[in-house]
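Residue-level structure breakdown
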Amino acid sequence: MAVRTRAKPQKAVKAPTKAVGRKKAGQSAFQTIQDFLIRRESLGVLLIILALLAVPWLVPFTSGLADLRNSFVETFGLLIFGWIALLLYAGWLVIRDEHEKLWADWHPWLVGGLAALAIAGFLGFFTPDISLGDVSVSEHSLGGDLGRAFADNPFGIIAWLCITVAALAVAFPTIAATAIQNAPYYAQTAWEWQLPQKAAANTKRGFEFIFPTKPAPKGSQKVPLDSELWARSSGAAVADEVDEDWEEDEEDEPVQSSMFDEGAPEEEDTEVEVDAAGNRKRGGWQLPPMDLLVDKAKEENSTVDNELRAELIEQTLASFGVDAKVVQINEGPTVTQFGIEPGWEIKTKNVVERDENNKPIIGKDGAQKIRIEEVSRTRVRVQQITSLANDLALALAAHSVRIEAPVPGKPVLGIEVPNATKSLVALRSVVQSTHFQRAAGKSKLTVALGQSVSGEPIIADLTKMPHLLIAGSTGSGKSVCMNAIISCILMHASPADVRFVMIDPKRVELAAFQPIPHLVFSNIVVEMDKVVGTLQAVIHEMEARYRKFAAIAVRNIEGYNRSPRSQEKLPYWVVIIDELADLMMAAPFEVERQICRLAQLARATGIHLVVATQRPSVDVITGLIKANFPTRIAFAVSSQVDSRTILDMAGAEKLLGRGDMLYMAPDAAKPRRLQGVYVSDEEIEGIVDFWTQDRFAELEPERFDHLFEAAKAELEQEGATDDMFEKAKELAYEHNRISTSLMQRRLRIGYPRAARLMDLLEEHGIVGPAEGGGSREVYPPDDKPSSSADDADELHFD
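Residues numbered from 1 in each chain as written. Predicted model: local features only at pLDDT ≥ 70, side-chain atom pairs only at ≥ 80, totals over all residues. Heavy atoms only, no water.

1. Notes on helix H21 (residues 588–601)
Here is the rule we go by: Helix numbering and strand numbering both begin at the N terminus, where a helix is a DSSP run of H or I of at least 4 residues and a strand a DSSP run of E of at least 2. In this scheme, a helix's expected span is set at 1.5 Å multiplied by one less than its residue total. Note on exposure labels: buried denotes an accessible area under 20% of the residue type's maximum, exposed denotes more than 50%, and partly exposed covers the range between, all computed with a 1.4 Å probe on protein chains only. By definition, residues are in contact when any of their heavy atoms lie within 4.5 Å.
The terminal C-alpha atoms of H21, which comprises 14 residues, lie 20 Å apart, in line with the 20 Å expected from a rise of 1.5 Å per residue. Of all the residues in H21, the buried ones are Glu590, Val591, Glu592, Gln594, Ile595, Cys596, Leu598 and Ala599. The inward-facing, buried residues of H21 contact helix H18 (531–552), strand E18 (572–577), helix H20 (580–586), strand E19 (607–613), helix H22 (623–627) and helix H28 (751–763).

Below is the structure:
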């Protein structure tokens with residue numbers, strides 16, 4: 001038998017290692033130094049030393065290295081630290097003998113190069129007053145001369161944007177491909193949400209804040225902002241101390257401040273003069289200081305977690321089979337609006353999986369494999385969400401929930417949920433906002449209404465409304481809204497600019513404004529028998545103004561006040577009627593006719609109506625009145641019928657009261673929910689006390705009581721020849737006793753006319769004198785008292 005033997009493995013012979021950097025036998029010292037310098041580790045150490053020498057604040061031993069380093073800093077700016085990091089990383093890899101990683105893949109080099117150029121272009125927009133070593137950044141930029149080359153010209157900016165997009169695309173190719181595929185959808189969504197406009201506006205404001213182009217004003221004679229704080233901080237000078245060169249200042253561009261500014265005529269005398277003490281003046285009248293208004297109203301922070309409520313809304317909708325998602329939350333002073341984006345209704349079916357031979361595939365459990373296949377996909381209808389308002393209110397434990405579908409200008413539905421605690425909106429907080437200041441510089445009748453559900457201040461201009469109808473139940477905030485409108489005008493308009501005609505049948509709502517010099521008549525009208533005469537006097541003033549306009553060929557009050565042919569400037573008239581229901585009960589036909597006539601024709605003459613009522617029924621807010629009042633404010637009402645009477649739609653019955661209102665603008669398709677501004681009695685007293693000071697004794701404005709007397713005489717003259725006298729006479733002979741109210745109902749006339757007819761019947765001896773009970777005795781034709789010689793002769797003949 002042969003015996004096999006295993007050969008022993010031979011050991012590998014290790015190659016001799018060549019000594020590098022060590023002096024060999026027979027080798028010169030120069031050769032030894034040369035071997036040391038060409039070592040790999042020496043190259044890595046050299047790269048690290050170069051990185052350290054490139055630090056801007058490190059002082060080198062020679063000025064030549066400093067100049068070289070400063071030139072790199074001037075060229076690359078803050079990117080010099082990127083070069084330092086790159087040299088340190090390269091030196092470390094060389095020392096570790098891993099330098100192949102530097103050029104193993106080209107992709108990081110391409111991404112890094114594009115990213116470096118993009119960062120340099122971005123930093124090129126900033127030139128702060130700092131230094132990098134011996135280099136002043138203000139003379140170059142944070143991105144150095146390279147970044148400044150991108151930021152200094154439009155073509156450079158375009159190139160920078162292209163490089164930035166290319167860097168992102170190269171760094172994230174999957175995301176870039178998805179973005180390119182869905183670019184049309186993203187662009188449409190961004191345009192619907194107005195993201196480009198908002199981004200452009202925010203970018204412009206940011207650049208103006210960082211790089212101001214206009215110096216701060218050092219002194220001025222007139223400023224367009226009605227803010228005492230701004231006037232004091234700007235250091236406005238007295239008219240005598242103003243330099244003559246100030247008159248050559250350029251005019252500011254008009255800014256859209258509200259939804260009614262389009263086509264607004266510019267006015268020349270709306271600027272406010274500010275003296276050295278910071279007092280605001282207009283037309284010789286000193287305007288009230290802002291200190292009269294409370295700086296901040298009482299606010300209470302809500303402890304409710306809006307994120308939790310948003311999750312609860314999504315769960316509630318999902319429990320009813322409605323797919324929806326909360327995409328935005330806007331917290332306001334009274335309610336919080338949750339933006340809901342409708343989801344999809346997906347229909348599916350079960351499909352049995354089959355193999356190549358069309359046989360069902362059996363799973364491990366012995367059952368056939370089934371997959372779910374989507375059949376159709378449709379959007380969730382808006383009606384499915386709006387029909388769940390009561391269920392959402394129950395889930396959120398809220399008093400009521402209002403759903404706005406859709407939110408104007410946004411592709412979402414707004415679910416408005418009341419806050420746990422309400423906060424008041426101070427009048428001063430809205431008056432001092434930028435929107436109000438710009439609008440007040442254009443119109444004297446700018447009023448602050450309140451804040452939206454997102455906390456945005458909302459203002460309006462009476463000249464663009466042009467008439468306002470306010471309705472709401474008792475305690476809903478209607479009277480506070482009227483007081484806020486009057487107080488807002490009093491803060492920015494003198495009696496030479498705006499005059500008030502106040503009609504207050506309640507006698508107490510507008511009594512606080514009795515002493516102000518802005519009243520057209522001597523007193524606030526509180527007597528019912530004077531209301532018709534007052535409105536007739538306003539109509540006479542309107543007709544007189546139209547005659548003045550025709551004489552100098554102008555169309556409206558703005559053109560008349562700007563015309564050099566006008567003898568004097570006409571003030572605006574604002575007619576305030578606190579309770580329309582009382583007027584409609586006393587004289588429905590006359591009041592409706594006069595209000596409609598003023599609403600149709602008075603706008604061009606500068607006469608505007610503000611009418612309020614707490615009984616929004618169809619016999620008070622008639623079709624004619626509603627048609628002539630396009631701007632309306634609805635506070636909380638008791639029923640949906642009242643809400644439809646005011647706004648022609650439901651919604652006001654779900655308001656919370658205490659200033660919560662729906663504001664219908666004339667150019668808006670849907671009302672907007674606001675929290676009205678609050679003005680306290682102390683603030684009203686302060687404003688009234690300011691206007692009744694002795695300093696204005698010499699500037700007592702003209703009163704127009706003669707217009708009321710003329711209108712009253714005209715009405716009496718019409719009553720003396722009333723064509724209804726014969727019908728009233730026949731009606732009286734049909735009864736033994738007759739009253740004014742009976743005459744109103746039977747003849748379908750108003751109270752003033754019925755009262756005049758009753759006086760005429762008494763003068764002719766048809767009825768007796770008033771007995772205090774409301775009705776009067778009717779004398780038969782043969783028993784009426786004789787008051788002439790003819791009657792005595794007739795009785796003697798009988």
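This is not the end of the story, as more comes after the structure.
2. As for a negative patch on the surface
We count it as follows: Patches here: salt-bridge-free residues with over 30% relative accessible area, like charges joined within 9 Å, nonpolar side chains (Val, Leu, Ile, Met, Phe, Trp, Tyr) joined within 5 Å. The accessible surface values rely on the Shrake-Rupley method and a 1.4 Å probe; as for residues, cover is taken only from the protein chains in view. Here, a salt bridge means any Lys or Arg side-chain nitrogen found within 4 Å of an Asp or Glu carboxyl oxygen. Think of it this way: Lys and Arg go in the positive column, Asp and Glu in the negative one, and His and the chain ends go nowhere. For charged residues, the charge sits on one atom: NZ in Lys, CZ in Arg, CG in Asp, CD in Glu.
A surface patch of like charges, here negative, comprises Asp681, Glu682, Glu685 and Asp689. Here Asp689 is to be found in helix H24 (residues 681–691). On the basis of relative accessible area, Asp689 is assigned to the partly exposed category, the value being 49%.

3. Details of the pattern of salt bridges
Note on pairing: side chains with opposite charge can pair once their charged atoms come close. Considering all chains together, one arrives at 16 salt bridges under this definition. With its nearest N and O atoms 3.0 Å apart, the salt bridge here joins Asp461 to Lys464. Accessibility expressed as a relative area gives 5% for Asp461, which makes it buried. Its relative accessible area of 15% is what places Lys464 among the buried residues. The closest approach of N and O atoms between Glu762 and Arg776, which form a salt bridge, is 2.6 Å. One end of the pair, Glu762, is in helix H28; the other, Arg776, is in strand E24 (residues 775–777), with 14 residues separating them in the sequence. One salt-bridge network, held together by shared partners, links Arg402, Glu416, Asp660 and Arg673.

4. Section: the sheet that holds strand E8 (residues 335–342)
Stated formally: In this scheme, strands are said to pair when DSSP sees at least two bridges between them. As a rule, the C-alpha atoms of each element are fitted with a line to give its axis, helices using only the stretch in contact, and angles between N-to-C directions run from 0 to 180 degrees.
In spatial order, the strands read E7-E8-E12-E11; together these 4 strands make up an open sheet with antiparallel pairing. This sheet does not close on itself; its edge strands, each paired only once, are strand E7 (324–331) and strand E11 (402–404). Neighbour-to-neighbour, the strand axes of the sheet open up by a mean angle of 25°, direction not taken into account. By the bridge criterion, 6 bridges tie E8 to strand E12 (residues 413–418) in an arrangement that is antiparallel. Note on E12: the bridge partner recorded for Gln337 is Glu416.

5. Let's talk about the packing of aromatic side chains
How we decide: Two rings from Phe, Tyr or Trp (for Trp, the six-membered ring) form a pair when their centres are within 6.5 Å of each other. A pair whose planes differ by under 30 degrees is stacked, one over 60 is edge-to-face, and the rest are tilted.
Under the definition given, this model contains 3 aromatic pairs. Here the aromatic rings of Phe549 and Tyr560 are separated by 5.5 Å at their centres, their planes lie at 50°, and the arrangement is tilted. Here Phe549 is found in helix H18, whereas its partner Tyr560 is found in helix H19 (residues 557–562), with 11 residues between them in sequence. Across the pair, Tyr560 and Phe549 agree in class, each one buried.

6. A few points about the pairing of strand E14 (residues 446–452)
Within E14, 7 of the 7 residues are buried, which leaves the element mostly enclosed by the surrounding structure. The pairing of E14 with strand E15 (residues 457–461) spans 5 bridges and is classified as antiparallel. Each bridged residue has a counterpart across the sheet, and for Val447 the counterpart in E15 is Ala460. Here E14 hands over to E15 after 4 residues, with Gly455 in that stretch at a positive phi of 85°. Note that E14 and strand E22 (residues 672–678) share 3 bridges and pair antiparallel. Paired with Gly450 across the two strands is Gly676, which belongs to E22.

7. Quick look at the side chain of Ser400
In plain terms, the rule: Each polar contact in these results corresponds to two N or O atoms within 3.5 Å; when the atoms are within protein, one needs to be able to donate a hydrogen and the other to accept it, and residues that are neighboring in sequence are counted only if both atoms are side-chain atoms.
With respect to the helices and strands, the residue Ser400 is situated in the loop between helix H14 (389–396) and E11. At 3.2 Å, the side chain of Ser400 and the backbone oxygen of Lys654 are in polar contact. Among residues more than four places away in sequence, those in contact with Ser400 are Glu416, Pro418, Lys654 and Leu656.

8. Here we look at the environment of Thr463
Along the chain, Thr463 turns up in the loop between E15 and strand E16 (468–471). With 141 residues separating them in the primary sequence, Thr463 and Ala604 have C-alpha atoms 9.1 Å apart. Here the side chain of Thr463 touches Lys464 through a polar contact of 2.8 Å, side chain to side chain.

9. So, the nonpolar core
Our working definition: Throughout, nonpolar core names a set of buried Ala, Val, Leu, Ile, Met, Phe, Trp, Tyr and Cys residues whose side chains join them through atoms within 4.5 Å.
The biggest cluster of nonpolar side chains holds 65 residues, and the ones touching the most others in it are Ile470, Phe500 and Met502. Ignoring anything within four residues of it in the chain, the contact list for Ile470 reads Lys478, Cys481, Met482, Ile485, Val610, Val611, Ala612, Thr613, Ile633 and Phe635. In this structure, Val531, Ala599, Leu609 and Met664 belong to the second largest nonpolar core, which totals 48 residues.

10. A word on the side chain of Arg499
Inspection of the secondary structure puts Arg499 in strand E17 (residues 498–503). At 3.1 Å, the side chain of Arg499 forms a polar contact with the backbone oxygen of His518. When near neighbours in sequence (up to four residues on either side) are disregarded, Arg499 contacts Pro517, His518, Leu519, Val520, Pro571, Tyr572, Trp573, Val574, Pro701, Glu702, Arg703 and Phe704.

11. Remarks on the confidence of the model for the protein chain
This is how it is decided: pLDDT is a per-residue confidence score from the predictor, ranging from 0 to 100.
Here the protein chain averages 77 in pLDDT, and 77% of its residues register 70 or above. Low confidence marks residues 11–24, where pLDDT is under 50. Its contacts with residues over four positions away, or in another chain, come to 10 contacts. Taken together, the stretch residues 213–270 has pLDDT below 50 and engages in 102 contacts with residues farther than four places along the chain or on a different chain.

12. Description of the packing of helix H27 (residues 740–747) against H28
Basically, it comes down to this: Throughout, a crossing is termed right-handed when the near helix is turned clockwise from the far one, and left-handed when it is turned anticlockwise from it by less than a right angle. Only Asp, Glu, Lys and Arg are considered charged in this grouping, and only Ala, Val, Leu, Ile, Met, Phe, Trp, Tyr, Cys and Pro are considered nonpolar; every other residue, Gly among them, is considered polar.
Orientation of H27 relative to H28, taken along the N-to-C sense of each, is 115°, at an axis distance of 9 Å. At the point where H27 passes H28, the crossing takes the right-handed sense. Together, Thr740, Met743, Gln744 and Leu747 of H27 and Tyr751, Ala754, Ala755, Leu757, Met758 and Leu761 of H28 make up the contact between the two elements. Looking at side-chain class alone, the contact of H27 with H28 contains 8 nonpolar, 2 polar and no charged residues.

13. Observations regarding unusual backbone geometry
Residues Ala405 and Pro406 are joined by a peptide bond in cis, for which omega reads -10°. Cis geometry is adopted by the peptide bond preceding Pro466, which originates at Met465 and carries an omega value of -5°. Mapped onto the fold, Pro466 is located in the loop between E15 and E16. At Asn358, a position not held by glycine, the phi torsion is positive, near 65°. Residue position: Asn358 is located in the loop between strand E9 (344–352) and strand E10 (370–379). In this structure, Arg658 takes a positive phi of about 55° despite not being glycine. Locating Arg658 in the fold gives a position in the loop between helix H23 (640–647) and strand E21 (660–664).

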